[in-house]
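Okay, here's what each chain looks like letter by letter:
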Amino acid sequence: MTLAGNTSTSAASDLHYQCDSAVGPDPAVTTTTSSATTSRRAADTMPETEVPTTNPYAEWTIAPDDTDASDWQRSCASAMRSASWQLPPVQTVNTGLAVECARQYALAVARNPATLQPGRNGSPGTVDAATLTKSVIDAASGAAMTGQCLQAATGTGDGAVGSSSGATMPRTEATQVACGRPSSSTTTARSAVVLPSAIAAQGVCGQRVDASAVSPGDLVFWDYRSNAPTRVGVAVDATQIITVDPDSGQVVEQVLPTGGDVRVKRVLKGDS
């Protein structure tokens, strides 16, 4: 089958955008899909009550004997079962307590990587990138609920945002939102964003963000292989991210990657 199938050109274009957002660029297409159909408003201009809570492509399947389907299309069909339906990329920067906490926490981990995974004899430990992003988003979404940002270097509220004392995230009192969807009416200030434990699974989370609106706490995915991202980092400003060097396993700060296989997703609900 083709992406268009029996659907209209508009629907085929939208499905292609959904796939591009979930599993990365289509190897068969030389140009990058930067947005969905222009008939839909960007995610930051649509009222939350109008945002679909289910993905209309979640039931899309490809027959095993369909020789016209590519590996990219098959990967997309599988991803659509758990991926959020994507509106056109968010065009505005994200602000708020959770956003600032994500910035502070990520930078603190970069200064003291042993916080997440202590090494031997007091040396900095190594950590995988998915664990890093999961830890940052966990702390940031907790800040939105408690008004306190845990300091990664100490595990307390020293220097925390909005408070002089820390607190653990009260998961038992909050709704847990898998992956996070700031445009969804189910994601409120009392929602704890819970990311998957693998980079590929994290890649289908959140709402896509335009490169001009990258904000602290946004997840940056790149280096797609076999229709899944192999690298992920957390933005700390419009041009820098905290990530893990794949060779050394050390947490590092680096320039935001650019190119046709970079996808930015927003999982934190901010004030904007």
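Residues numbered from 1 in each chain as written. Predicted model: local features only at pLDDT ≥ 70, side-chain atom pairs only at ≥ 80, totals over all residues. Heavy atoms only, no water.

Trainee: With reference to specific residues and values, describe the side chain of Gln202.
Mentor: Here Gln202 lies in helix H5 (residues 199-202). Using a relative accessible area of 0% as the deciding quantity, one classes Gln202 as buried. A polar contact of 3.1 Å, which involves the side chain of Gln202, links it to the backbone oxygen of Ala130. If sequence neighbours within four positions are ignored, Gln202 has contacts with Ala130, Thr133, Lys134, Leu195, Pro196, Phe221 and Val232. (Helix = DSSP H or I, 4+ residues; strand = E, 2+ residues; numbered from the N terminus. Buried < 20%, exposed > 50% of the residue type's maximum accessible area, 1.4 Å probe, protein only. Polar contact = N/O pair within 3.5 Å; in protein donor to acceptor, adjacent residues only side chain to side chain. Contact = heavy atoms within 4.5 Å.)

Trainee: Go over the sheet that holds strand S8 (residues 263-266) with me, naming the residues and quoting the values.
Mentor: Hydrogen bonds between backbone atoms are what pair the strands of a sheet, whose relative direction is either parallel or antiparallel. Ordered in space as S3-S8-S4-S5-S6-S7, the six strands form an open sheet in which the pairing is antiparallel. If you trace the sheet from one side to the other, it starts and ends with strand S3 (207-208) and strand S7 (251-255), each paired once. The pairing of strand S4 (residues 219-224) with S8 spans three bridges and is classified as antiparallel. Opposite Phe221, over in S8, you have Arg263 as the bridge partner. (Pairing = 2+ DSSP bridges.)

Trainee: Could you give an account of the pairing of strand S5 (residues 229-235), naming the residues involved and the relevant values?
Mentor: Burial of S5 is extensive: six of the seven residues sit out of reach of the surface. Relative to S5, S4 runs antiparallel, the two sharing five bridges. Pairing of Val220 across the sheet is with Gly233, part of S5. Taking the residues that link successive antiparallel strands as the turn, the S4-S5 hairpin has four residues, and the phi of Ser226 there is positive, at about 55°. Inspection of the sheet shows S5 paired to strand S6 (residues 240-244) by three bridges, in the antiparallel sense.

Trainee: Explain the environment of Gln240 to me, using residue names and the numbers behind them.
Mentor: Within the secondary structure, Gln240 is located in strand S6. Here the alpha-carbon distance between Gln240 and Val255, two residues 15 residues apart in the chain, equals 4.6 Å. Residues in contact with Gln240, not counting those within four places in the same chain, are Val234, Ala235, Glu253, Gln254, Val255 and Leu256.

Trainee: For the pattern of salt bridges, give the residues involved together with the corresponding values.
Mentor: Scanning the entire structure with this criterion turns up five salt bridges. Across the pair Asp20 and Arg263 runs a salt bridge, and its minimum N-O distance is 3.0 Å. With Asp20 in helix H1 (residues 9-23) and Arg263 in strand S8, the pair connects residues that are 243 residues apart, well separated along the chain. Considered together, Asp20 and Arg263 belong to a single accessibility category, that of buried residues. In this structure, Asp223 and Arg225 form a salt bridge, with 3.0 Å as the shortest nitrogen-oxygen distance. What makes Asp223 partly exposed here is its relative accessible area of 22%. Judged by its relative accessible area of 53%, Arg225 is exposed. (Salt bridge = Lys/Arg side-chain N within 4 Å of Asp/Glu carboxyl O.)

Trainee: Describe helix H3 (residues 97-111), with residues and values.
Mentor: In a regular helix each residue adds 1.5 Å, so 15 residues correspond to 21 Å; H3 covers 21 Å between its end C-alpha atoms and thus fits that length. Of the positions making up H3, those classed as buried are Ala98, Val99, Cys101, Ala102, Tyr105, Ala106, Leu107, Ala108 and Val109. Contacts made by the buried residues of H3 are with helix H4 (129-146), S6 and S7. (Expected span 1.5 Å × (residues − 1).)

Trainee: Can you lay out the confidence of the model for the protein for me, pointing to particular residues and giving the numbers?
Mentor: Averaged over every residue, the pLDDT of the protein is 79; residues scoring 70 or more account for 69%. Low pLDDT, under 50, characterises residues 1-6; the predicted model gives this stretch 16 contacts beyond four residues in sequence or across chains. (pLDDT = per-residue confidence, 0-100.)

Trainee: Run through helix H2 (residues 71-79), naming residues and quoting values.
Mentor: When H2 is considered as a whole, its buried residues turn out to be Trp72, Gln73, Cys76, Ala77 and Ala79. Projection of H2 onto a plane perpendicular to its axis shows the buried side chains occupying an angular sector of 160°, all on one side. Taken together, the buried residues of H2 touch H1. (Arc of directions from axis to C-beta.)

Trainee: Break down the packing of H1 against H2 for me, citing the residues and quoting the values.
Mentor: Viewed as axis vectors pointing N to C, H1 and H2 meet at an angle of 85°, and their least axial separation amounts to 9 Å. Comparing the axis directions of H1 and H2 gives the class roughly perpendicular. Between H1, through His16, Cys19, Asp20, Ala22 and Val23, and H2, the contact on the second element is made entirely by Trp72, Ser75, Cys76 and Ala79. (Axes fitted to C-alpha atoms, helices over the stretch in contact; angles between N-to-C directions. Parallel < 35°, antiparallel > 145°, perpendicular 65-115°, else oblique.)

Trainee: Please provide a residue-by-residue account of the state of the cysteines, values included.
Mentor: Considering all chains together, one arrives at two disulfides under this definition. Shown here is the disulfide that connects Cys19 with Cys76, its sulfur atoms set 1.9 Å apart. Given an S-S torsion of about -80°, the disulfide between Cys19 and Cys76 has left-handed geometry. You can see Cys19 sitting in helix H1 and its partner Cys76 sitting in helix H2, a full 57 residues away along the chain. Per residue, the accessibility class of Cys19 equals that of Cys76, and both read buried. Across the disulfide from Cys101 sits Cys149; the S-S distance is 2.0 Å. (Disulfide = S-S within 2.5 Å.)

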